[in-house]
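Spelled out from the first residue to the last, the chains are:
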Amino acid sequence: MFTYKQISQLNKTEMGIYQFIIQNMDDVLKMGVRELASKTFVSTATIVRFCQKVDCEGFLDFKTKLKAFQINNYTTEADDIDALQDFFVYAKTDEFIDAIKTFVDYIQEAKTICFFGIGTSGVLGEFAARYFSNVGYFSQSISDPYYPPLVHDNESHLFIVLSESGETREVIDQVRLYQTKNSKILLITNKPDSTLDLMANASIYYYVKDIVLPQTYNISSQVPVIYIIERLTKELQKTKMRRIKKI
């Protein structure tokens, strides 16, 4: 509900209805169609058309979906803690440990390392690049989805992508561009079997609950991503120390 496509199709009057609903969701769930029309200074027919534009059969269907939307986008402190506990249990599994080892192998073979993400993932990419550089694996980060590739076809480059959904069109386009430059693609994502997951050479998943605000901002926990970045750097440091001891 309230997807980007739906919102983009609303006219000025319907956008006013949308803003009122988002700002008064609890009250709207108690209203009838006439009361909502009165509060938004439109006709009941306009309210019904609005409901249809957001893929509802009518006002009752709209209220049912609005209630589900509200519940799905509400989280308590206990929910957050439970989700993180579930992740850290998963982080002890063979599946997760093997994924970390696979990433370490790719990173050690790469000539250059670049993190890429946009929005919050872009900020985390900058953190990751700095963290990797701190342990001797110089890295760069890109948060501009239209930045040209910084690679050459005859060199071994590694592109580490951070994407919660794995379906962001701009990120997919950039990954496709890097693949034409003979780059290896690693993905840190919340969504297995996404488009980016299918494109990547290897992926690490963190499986946390999606929390998306009505304005379509994703506020799902990124603590697992930070943990994955730190875990990777520690494994890289351990590997480096083992090589030094052998010399």
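Our subject is the structure listed above.
What comes next concerns the included structure. In this text the structure is predicted, and so the values were computed from the model without any measurement. (Residues numbered from 1 in each chain as written. Predicted model: local features only at pLDDT ≥ 70, side-chain atom pairs only at ≥ 80, totals over all residues. Heavy atoms only, no water.)

1. A few points about the pattern of salt bridges
Then step 1. Tallying each qualifying case throughout the model produces 8 salt bridges.
Then step 2. With its nearest N and O atoms 2.8 Å apart, the salt bridge here joins Lys53 to Glu14. Here Lys53 is found in helix 5 (residues 44-53), whereas its partner Glu14 is found in helix 2 (residues 12-23), with 39 residues between them in sequence.
Then step 3. Using a relative accessible area of 29% as the deciding quantity, one classes Lys53 as partly exposed.
Then step 4. The class for Glu14 is buried, based on a relative accessible area of 4%.
Then step 5. Between Asp61 and Lys65 there is a salt bridge, with the nearest N and O atoms lying 3.6 Å from each other. Of this pair, Asp61 and Lys65 both sit in helix 6 (residues 59-72), 4 residues apart, roughly one helical turn.
Then step 6. Residue classification places Asp61 among the partly exposed residues on the basis of a relative accessible area of 22%.
Then step 7. Using a relative accessible area of 34% as the deciding quantity, one classes Lys65 as partly exposed.
Then step 8. Taken together, the salt bridges that share partners define one network made up of Arg169, Glu170, Asp173 and Arg176. (Salt bridge = Lys/Arg side-chain N within 4 Å of Asp/Glu carboxyl O. Helix = DSSP H or I, 4+ residues; strand = E, 2+ residues; numbered from the N terminus. Buried < 20%, exposed > 50% of the residue type's maximum accessible area, 1.4 Å probe, protein only.)

2. Topic: the environment of Lys234
Then step 1. Residue position: Lys234 is located in helix 12 (residues 223-246).
Then step 2. Note: C-alpha distance between Lys234 and Val135 (99 residues apart in sequence) is 8.4 Å.

3. Notes on the nonpolar core
Then step 1. Of all hydrophobic cores here, the largest spans 33 residues; its most connected members are Phe96, Ile107, Ile113, Phe115, Phe132, Ile160 and Ile228.
Then step 2. Sorting the residues of this core by element identifies helix 7 (77-90), helix 8 (94-109), strand 1 (112-116), helix 9 (120-134), strand 3 (157-163), strand 4 (183-189), strand 5 (202-205) and helix 12 as the ones contributing at least two each.
Then step 3. For this core, the element with the highest residue contribution is helix 8, accounting for 6 residues.
Then step 4. When near neighbours in sequence (up to four residues on either side) are disregarded, Ile113 contacts Ile107, Phe132, Tyr137, Phe138, Ser139, Gln140, Leu158 and Ile160. (Core = buried A, V, L, I, M, F, W, Y, C linked by side-chain atoms within 4.5 Å. Contact = heavy atoms within 4.5 Å.)

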